[in-house]
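Below are the chains, spelled out letter by letter.
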Amino acid sequence: MKPNESTQPASAVAQQQDERLQEVSFWKKALSRPELGALAGTVLVLAFFIVAASGTGMFTPAGIVNFLEVAAQLGIIATAAALLMIGGEFDLSIGSMIGLAGILIAIPAVEYGWPLWAAILLAFSCAALVGWINGNLVNKTGLPSFIVTLGFLFILRGLAIGISRLLTGRTQVGGVHDHIPGDWFAALFSGEVATGLFAWMASQGWIATNFANNPVVTGIPVSIVWWLALTAVATWVLLCTPYGNWIFASGGDKNAARNSGVPVQRVKISLFMFTAFSATVFACLQVMDTGSADTIRGMLKELEAIIAVVIGGALLTGGYGSAIGAALGALIFGMVQMGIFYTGVNTDWFQVFLGVMLLVAVLFNNYMRKKAMEAK
Amino acid sequence: MYNLQKCQYGTNIPIRHARTHLPHNDNHEDLTMARLSQWLLASTSAVALVAGTAQAQDTAQTQEGNRFVMVTHGVPSDPFWSVVKNGAEEAAEVVGAELEYRAPSSFDMAKMQQLVDAAVASNPDGLIVSFTDEDALGGVVQRAADNGIPVISINSGGDVAQNYGTRLHIGQSEYEAGKQAAERMQEMGVEKGLCVNHEQGNQGLDQRCDGFLEGFDGNAEQLATTYDPTSIRNAIVAYLNENSDVRGILTLGALAAEPMLQAMREQGATDMFTLGTFDLSPGILESLEQGGLDFAIDQQQYLQGYLPVMFLDQYVKNGLLPAGNVATGPGFVTQENAAQVIELSEQGIR
């Protein structure tokens with residue numbers, strides 16, 4: 001914070017305080033938080049769709065759950081990617097980890113009759129190992145994590161294809177749905193919560209019916225719960241624990257952090273393990289949801305996660321960002337990705353639309369942040 | 001047997017085969033036999049063994065057998081091409097010809113060009129080529145024709161291959177297949193259709209959608225999605241909520257068919273819609289049998305292997321050749337013949 005250069009104290013209160021402390025209003029403080037720019041972007045995108053998709057089903061309960069589910073899945077990996085990026089590193093292997101984790105869950109369960117919980121634990125163990133290797137390679141070799149994890153992007157994707165073709169002769173493994181009932185661990189990743197509440201709301205006539213005459217929303221998909229929970233935990237860790245400070249310090253200035261006693265290497269290894277963990281959570285949710293695993297799952301998700309984190313106000317250089325911002329970034333991405341189906345735009349232009357909306361959101365978010373910084 | 005399989009799988013498998021503008025788009029969508037492909041590989045090798053012995057006997061008895069070379073772009077581990085190869089080998093056995101099957105270890109047109117080059121240099125009695133890339137293959141195929149080697153193109157390139165001296169094309173017109181899907185849906189009472197394209201820019205998939213839209217006289221729309229299953233499913237639900245008059249949905253591969261079927265199951269709306277897809281997979285065959293899915297379009301690739309060998313043999317022996325291209329697809333698989341297809345896929349024929 002800049003020292004107050006004004007020779008005349010603004011108020012009597014300020015006089016009593018340390019003269020070097022400047023009184024900052026709540027709003028200015030709020031506006032300089034990284035996620036506030038993202039919030040502005042979210043409001044902008046929301047406003048756009050309220051106008052462009054007015055009269056459509058986008059903001060009915062069904063439409064909201066529809067885009068929230070897409071946002072939630074991205075948000076789960078974006079949260080971990082945000083922590084890692086704040087810690088100064090990238091993980092490009094997330095998308096491939098999703099594909100591999102799905103295969104590691106589906107093949108033991110479907111082909112070898114493992115209980116689903118054991119298969120899920122296998123996937124999580126392998127993910128932890130991959131994260132550990134990623135972190136150690138980055139630490140030991142001093143190579144940019146961009147390069148190390150780029151290597152793992154190919155290695156993990158290739159492993160997913162190689163393993164599944166070797167063991168099953170195909171790249172898509174179905175039939176997981178049959179194994180879910182009765183598995184307590186799988187239940188954590190499948191189904192919907194608050195179904196009773198929604199059934200009651202439908203019986204009260206508060207929820208409309210859809211094209212197939214069903215209540216449009218039967219519950220909140222469990223992926224949304226995971227998303228909110230992970231975002232909350234990550235935010236708490238970042239803001240309220242010493243470990244959170246270590247993450248900021250590691251990403252801000254590695255040497256300074258190390259000199260002041262932060263275990264930088266351990267922090268980074270644990271962050272890589274967390275991104276691999278979140279990719280596996282993503283894979284679990286998707287495998288339980290679709291009932292199948294496919295080696296192609298998760299392709300380009302690593303880039304989408306980085307986009308969400310950047311929209312969320314994190315710096316690509318590390319040391320600055322937030323988990324809530326990443327969640328908002330994922331929300332923007334989900335809204336834009338699903339929103340086009342409500343606007344009636346010819347979907348040939350899908351990717352142009354997606355790219356333009358994302359750029360506008362980031363530019364607006366940057367503009368807002370700059371304004372906020374100037375005001376200070 | 002297990003070791004052999006290991007060797008086959010050990011070859012380069014392209015990370016994203018479908019990206020490569022393959023009309024049949026097989027890596028994910030054409031997993032005709034999927035779970036059975038292990039068996040298939042074994043059976044292929046068994047056939048190869050039998051063919052090998054038969055061939056040895058042949059050469060001892062007659063020196064007359066023609067030698068044909070087949071070069072395709074299908075990587076060795078690809079189940080789609082195992083079926084093509086099965087067809088070709090069985091035909092070669094029937095006519096007593098010697099068949100050499102060659103394919104690059106990864107989807108690479110430069111490698112394939114070298115293979116065709118080598119095949120032409122070996123001066124076979126006939127050449128069979130999947131004509132995937134006009135620029136890479138046109139020159140060498142023309143040279144084969146100039147040297148008096150009869151060439152038949154299969155699977156892809158039906159529209160351009162004959163500019164380079166090929167005699168005949170055997171395959172499926174993607175555009176025509178999409179159009180027939182639309183006509184079939186209209187016969188089933190659909191007035192407005194939807195084509196779910198999970199990979200816009202893939203030439204083969206785009207042609208399927210174009211044909212479908214044309215078949216509906218514009219009374220259908222294309223829905224572009226990513227290949228993420230959750231996005232596909234939610235996009236379909238969102239679209240149907242906005243467009244309640246759509247009653248027919250076509251997906252372009254198993255990758256998108258399964259999320260579509262899931263959306264229908266979850267909404268309990270399977271009976272409200274006429275559902276069709278390209279390509280077969282275990283899940284698709286099961287849905288067909290149970291009546292959830294109304295039809296699946298299959299290009300009967302067994303014939304893409306079997307017929308060119310037969311035709312070339314007739315041409316070399318008797319100068320006979322069909323006068324026009326042969327369409328092996330679209331073949332429609334429905335509830336009525338699903339059981340038979342499942343059985344044939346176990347034998348490596350579908």
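Residues numbered from 1 in each chain as written. Chains lettered and ligands numbered in written order. Predicted model: local features only at pLDDT ≥ 70, side-chain atom pairs only at ≥ 80, totals over all residues. Heavy atoms only, no water.

Student: What am I meant to see in the packing of aromatic side chains here?
Tutor: How two aromatic rings sit relative to each other is set out by the distance from centre to centre and by the angle between their planes. One pass over the structure, following the stated rule, counts 16 aromatic pairs over all chains. The rings of F124, W184, F185, F189, W226, F274 and F277 of chain A are connected pair by pair, giving a single aromatic cluster. The ring of F332 of chain B has R184 of chain B sitting right over it, with the charged end atom 4.3 Å from the ring centre. (Phe/Tyr/Trp six-rings, centres within 6.5 Å; stacked < 30°, edge-to-face > 60°. Lys NZ or Arg CZ within 6 Å of the ring centre and 35° of its normal.)

Student: Quick question: what am I supposed to make of the packing of helix α11 (residues 282–290) of chain B against helix α13 (residues 335–346) of chain B here?
Tutor: Relative placement of two packed helices is described by the angle separating their axes and the distance separating the axes. Residues and elements named next belong to chain B. With their axes 7 Å apart at the nearest point, α11 and α13 run at an angle of 140° to one another. Put simply, α11 runs oblique to α13. Between α11 and α13 lies a crossing whose hand is left-handed. Counted together, L285, L288, E289 and Q290 of α11 and Q335, A338, A339, V341 and I342 of α13 form the full contact between these two elements. A per-class count over the contact of α11 with α13 returns 6 nonpolar, 2 polar and 1 charged. (Axes fitted to C-alpha atoms, helices over the stretch in contact; angles between N-to-C directions. Helix = DSSP H or I, 4+ residues; strand = E, 2+ residues; numbered from the N terminus. Parallel < 35°, antiparallel > 145°, perpendicular 65-115°, else oblique. Left-handed = near helix turned anticlockwise from the far one by under 90°. Contact = heavy atoms within 4.5 Å. Nonpolar A, V, L, I, M, F, W, Y, C, P; charged D, E, K, R; others polar.)

Student: Explanation requested: the side chain of S164 of chain A in the structure shown.
Tutor: All names here are of chain A. Within the element layout of this structure, S164 appears in helix α7 (residues 145–168). Look at S164 and you get buried, because its relative accessible area is 0%. A polar atom in the side chain of S164 sits 2.9 Å from the backbone oxygen of A160. The residues touching S164, leaving out its near neighbours within four places in the chain, are I103, I107, L159, G169, R170, T171 and T295. (Buried < 20%, exposed > 50% of the residue type's maximum accessible area, 1.4 Å probe, protein only. Polar contact = N/O pair within 3.5 Å; in protein donor to acceptor, adjacent residues only side chain to side chain.)

Student: Before we go on, may I ask you to explain a negative patch on the surface in this structure?
Tutor: Among the surface-exposed residues, D348 of chain A together with D210, E214 and D217 of chain B lie close enough to one another that they form a single negatively charged patch. Within the secondary structure layout, D217 of chain B lies in the loop between α8 (203–215) and β7 (220–224). (Patch = residues over 30% accessible without salt bridge, like charges linked within 9 Å, V, L, I, M, F, W, Y side chains within 5 Å. Areas by Shrake-Rupley, 256 points an atom, 1.4 Å probe, with all protein chains shown as cover. Salt bridge = Lys/Arg side-chain N within 4 Å of Asp/Glu carboxyl O. Lys, Arg positive; Asp, Glu negative; His and termini not counted. Charge placed at Lys NZ, Arg CZ, Asp CG, Glu CD.)

Student: What am I meant to see in the packing of helix α10 (residues 222–240) of chain A against helix α11 (residues 242–252) of chain A here?
Tutor: All names here are of chain A. In contact at an axis separation of 5 Å, α10 and α11 are set at 80° when each is read in the N-to-C sense. Relative to α11, the element α10 is oriented roughly perpendicular. Seen from α10, the contacting residues are V237, L238 and C240; seen from α11, they are P242, Y243, G244, N245, I247 and F248. Split into classes, the residues belonging to the contact of α10 with α11 amount to 7 nonpolar, 2 polar and no charged.

Student: How should the sheet that holds strand β12 (residues 331–333) of chain B be read in this particular structure?
Tutor: Note: strands within a sheet are paired through backbone hydrogen bonds, in either parallel or antiparallel orientation. Residues and elements named next belong to chain B. Ordered in space as β7-β6-β8-β9-β10-β12, the 6 strands form an open sheet in which the pairing is mixed. Looking at which strands have only one partner, the edges of the open sheet turn out to be β7 and β12. Mean inter-strand twist for the sheet, computed between neighbouring axes without regard to direction, equals 20°. The pairing of strand β10 (residues 295–298) with β12 spans 3 bridges and is antiparallel. Across the sheet, D298 pairs through a bridge with G331, a residue of β12. (Pairing = 2+ DSSP bridges.)

Student: Sorry, what's going on with the state of the cysteines here?
Tutor: A covalent bond between the sulfur atoms of two cysteines is referred to as a disulfide. Under the counting rule described, the total for this entry stands at 1 disulfide over all chains. Paired through a disulfide, C195 of chain B and C209 of chain B show a sulfur-sulfur distance of 1.9 Å. On the sign convention where negative means left-handed, the S-S torsion of about -90° between C195 of chain B and C209 of chain B marks this disulfide as left-handed. Of this pair, C195 of chain B sits in strand β6 (residues 193–197) while C209 of chain B sits in helix α8; the two residues are 14 residues apart in sequence, bridging distant segments of the chain. Each member of the pair C195 of chain B and C209 of chain B is classed as buried. Free cysteine C126 of chain A: the closest other cysteine sulfur is in C284 of chain A, separated by 12 Å. With a relative accessible area of 0%, C284 of chain A lands in the buried category. (Disulfide = S-S within 2.5 Å.)

Student: It is not clear to me how the pattern of salt bridges should be interpreted in this structure. Could you clarify?
Tutor: Between side chains of opposite charge, pairing is possible as soon as their charged atoms come close. Overall, the coordinates contain 12 salt bridges over all chains when judged by the stated rule. Where R233 of chain B meets E69 of chain A, a salt bridge forms, and the shortest distance between an N and an O atom there is 3.0 Å. Of the two residues, R233 of chain B is situated in helix α9 (residues 229–242) and E69 of chain A in helix α4 (residues 61–86); the pairing between them involves two chains. Judged by its relative accessible area of 4%, R233 of chain B is buried.

Student: Whenever I open this one, the pairing of strand β1 (residues 67–71) of chain B confuses me. Can you help?
Tutor: Every other side chain in a regular strand lies on the same face of the sheet, so the side chains alternate between the two faces. Residue and element names in this part refer to chain B. When you tally the buried positions in β1, you get 5 out of 5 residues, the bulk of the element. Burial along β1 is two-sided: the face carrying R67, V69 and V71 and the face carrying F68 and M70 are both buried. Relative to strand β2 (residues 98–102), β1 runs parallel, the two being bridged by 5 bridges. Within β2, the position partnered with V69 by the bridge is E100. Taken together, the 4 bridges between β1 and strand β3 (residues 126–130) define a ladder with parallel strand orientation. Pairing of F68 across the sheet is with G126, part of β3.

Student: Help me understand the environment of T195 of chain A in this model?
Tutor: Residues and elements named next belong to chain A. Inspection of the secondary structure assignment puts T195 in helix α9 (residues 195–203). Judged by its relative accessible area of 40%, T195 falls in the partly exposed class. Each C-alpha atom of the pair T195 and V217 lies 8.8 Å from the other, and the pair is 22 residues apart in sequence. When near neighbours in sequence (up to four residues on either side) are disregarded, T195 contacts T218 and G219.

Student: Would you take a moment to explain the side chain of T79 of chain A for this structure?
Tutor: All names here are of chain A. Position of T79 relative to the elements: it lies in helix α4. Of note is the side chain of T79, whose polar atom sits 2.7 Å from the backbone oxygen of G75. Residues within four places of T79 in sequence aside, it is in contact with L230, T231, A234, A323 and A326.

Student: What's the story with unusual backbone geometry in this structure? I'm lost.
Tutor: Excluding glycine, residues mostly have negative phi values, and the peptide bonds linking residues are mostly trans. Residue P330 of chain B is reached from G329 of chain B by a cis peptide bond, and omega for that bond is 0°. Along the chain, P330 of chain B turns up in the loop between β11 (326–327) and β12. The phi angle at L300 of chain A is positive, at roughly 70°, despite the residue not being glycine. Structurally, L300 of chain A can be placed in the loop between β4 (293–294) and α14 (301–311). Taking relative accessible area as the criterion, L300 of chain A reaches 38% and is therefore assigned partly exposed. A positive phi angle is found at N123 of chain B, which is not glycine, with a value near 50°. Mapped onto the elements, N123 of chain B comes out in the loop between α5 (109–121) and β3. Assessed through its relative accessible area of 53%, N123 of chain B is described here as exposed.

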